[in-house]
Amino acid sequence: MSARDYSIVEYYAEHEGYRCGYCKSTDTNYSHGMWAHKMTVHDYQDLIDRGWRRSGRYCYKPTMNVTCCPMYTIKCAAVDFKLSKSQKKVLKRVNRFLSHGDTKAVADDSVSAGGSSLTSEGSDFPVPLDIPDLHKKALRAEKNLENTKVVSVDPSLSGRIDISSEQKEIFQDKEKKESKTDDALGETASSGTGGSDSRKVCRTGTGADVSRPPCKKAKLIRLERKHQKLLKQGYSETEIDSMMKKGKQQQEGKTIDDILNEPLPANPAHRLEIRLVRSSPPSHEFEQTSQQAYEVYRKYQMAVHGDPPDKCTHRQYVRFLVNSPLQLVLLKVGSPEFMRSLVASQKLFAKYQMAIHNEPPEECKPQNFYEFLVDSPLENSLLFYLGV
């Protein structure tokens with residue numbers, strides 16, 4: 001086992017309630033926490049698969065059956081993603097700013113399609129953890145790391161644990177049970193306070209009225225009316241279906257690629273350049289733009305989350321967004337570490353080529369992956385593997 005093939009974490013046994021950044025309650029947020037001095041990407045992935053989260057070097061897992069606002073991970077299918085009306089408006093505002101320098105919003109751009117504005121109340125963006133004495137824990141963790149000396153590592157740790165499909169079902173069933181327990185505890189607490197608690201327990205409804213027709217969306221009602229009107233005009237079902245499909249294709253409009261790649265004029269007011277830079281350890285490119293990135297973070301926290309200026313310090317920014325316990329690993333082609341991740345890399349390559357470049361499956365075989373990304377005329381070829 002190499003010197004980098006293990007993780008060093010410091011677990012915190014205390015579990016007092018602390019302030020919730022979502023519902024703003026003062027002492028109803030509970031979670032397990034630990035400070036990660038260094039962590040391999042394999043261990044980090046295992047934690048992510050088990051419901052853990054990370055803020056800088058601080059890793060935490062919400063206690064789902066106790067905390068006030070349980071957090072569940074929802075994955076977005078990137079290939080099937082469709083922009084909402086409010087998201088399209090934001091992209092158009094960005095394009096107007098890049099093209100003409102226009103920073104004024106159109107009349108209804110500040111309000112989304114659902115009628116919600118971009119404010120700190122009800123924001124869906126993740127907020128920094130407001131854990132008591134987090135700064136003291138960070139200082140204590142740095143001091144403890146200086147006094148830590150790794151004498152030996154258990155060889156059994158080299159065999160990483162893979163979550164099987166059966167284990168995933170067990171974890172999902174457990175989270176569902178914890179969520180139900182949380183609901184039951186909430187109802188008991190509300191009914192047992194004798195009016196001192198302002199929370200209201202709703203009685204179980206009887207369901208939909210079967211004697212009335214089911215509700216329909218206005219769009220569906222309009223399509224049915226149009227269908228009946230065309231039937232009265234003498235069109236056949238085949239002709240009506242053809243006309244409906246043709247109209248739907250015309251209404252689809254621009255795709256997400258069209259909106260994101262909107263062409264700019266010959267001499268735009270601004271240009272947007274996106275760079276991927278390494279923040280931990282900091283690269284030269286990151287250090288050059290570190291102050292500008294901090295200013296964006298400060299404005300965002302104050303405008304969106306309503307944080308006071310004294311809370312948006314540079315130290316808070318570094319601890320929340322920059323610091324990382326994950327290790328940069330150099331994998332030599334053909335090494336045991338490279339071979340362990342080879343199958344996963346091949347599958348990722350095939351998914352990317354088929355989804356992004358629309359290549360057929362027969363052109364995304366392991367041999368194509370090897371020829372395109374692995375084979376090299378250089379001696380001692382290395383692949384960079386960074387877990388972020």
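As a starting point, this report considers the structure included with it. (Residues numbered from 1 in each chain as written. Predicted model: local features only at pLDDT ≥ 70, side-chain atom pairs only at ≥ 80, totals over all residues. Heavy atoms only, no water.)

## Considering the environment of C20
By secondary structure assignment, the location of C20 is in the loop between strand 1 (8-12) and strand 2 (31-38). For the pair C20 and C69, spaced 49 residues apart in the sequence, the C-alpha separation amounts to 7.9 Å. Discounting residues that sit within four places of it in the chain, C20 has contacts with S25, N29, C68 and C69. (Helix = DSSP H or I, 4+ residues; strand = E, 2+ residues; numbered from the N terminus. Contact = heavy atoms within 4.5 Å.)

## Here we look at unusual backbone geometry
Unusually for a residue other than glycine, K24 sits at a positive phi of about 70°. Here K24 is to be found in the loop between strand 1 and strand 2. On the basis of relative accessible area, K24 is assigned to the partly exposed category, the value being 31%. With phi around 55°, N358 is a residue other than glycine that occupies positive phi space. With respect to the element layout, N358 can be found in the loop between helix 12 (342-356) and helix 13 (366-374). By relative accessible area, N358 is classed as exposed at 63%. (Buried < 20%, exposed > 50% of the residue type's maximum accessible area, 1.4 Å probe, protein only.)

## Let's talk about the packing of aromatic side chains
We describe a pair of aromatic rings using the distance from one ring centre to the other and the angle between the two ring planes. For the structure shown, the criterion picks out seven aromatic pairs. Site record: aromatic cluster; members linked through ring pairs are Y294, Y297, Y317 and F320. Stacked on the ring of Y6, the Lys or Arg K38 has its end atom at 4.7 Å from the ring centre. (Phe/Tyr/Trp six-rings, centres within 6.5 Å; stacked < 30°, edge-to-face > 60°. Lys NZ or Arg CZ within 6 Å of the ring centre and 35° of its normal.)

## Quick notes on the sheet that holds strand 1
The strand order across the open sheet formed by four strands is 1-2-4-3, and the pairing between neighbours is antiparallel. Among the strands making up the open sheet, the edge pair consists of strand 1 and strand 3 (53-55). Put simply, the sheet's adjacent strands are angled 30° from each other on average, direction ignored. In terms of strand pairing, strand 2 meets strand 4 (residues 58-62) through five bridges, oriented antiparallel. Across the sheet, W35 pairs through a bridge with Y58, a residue of strand 4. (Pairing = 2+ DSSP bridges. Axes fitted to C-alpha atoms, helices over the stretch in contact; angles between N-to-C directions.)

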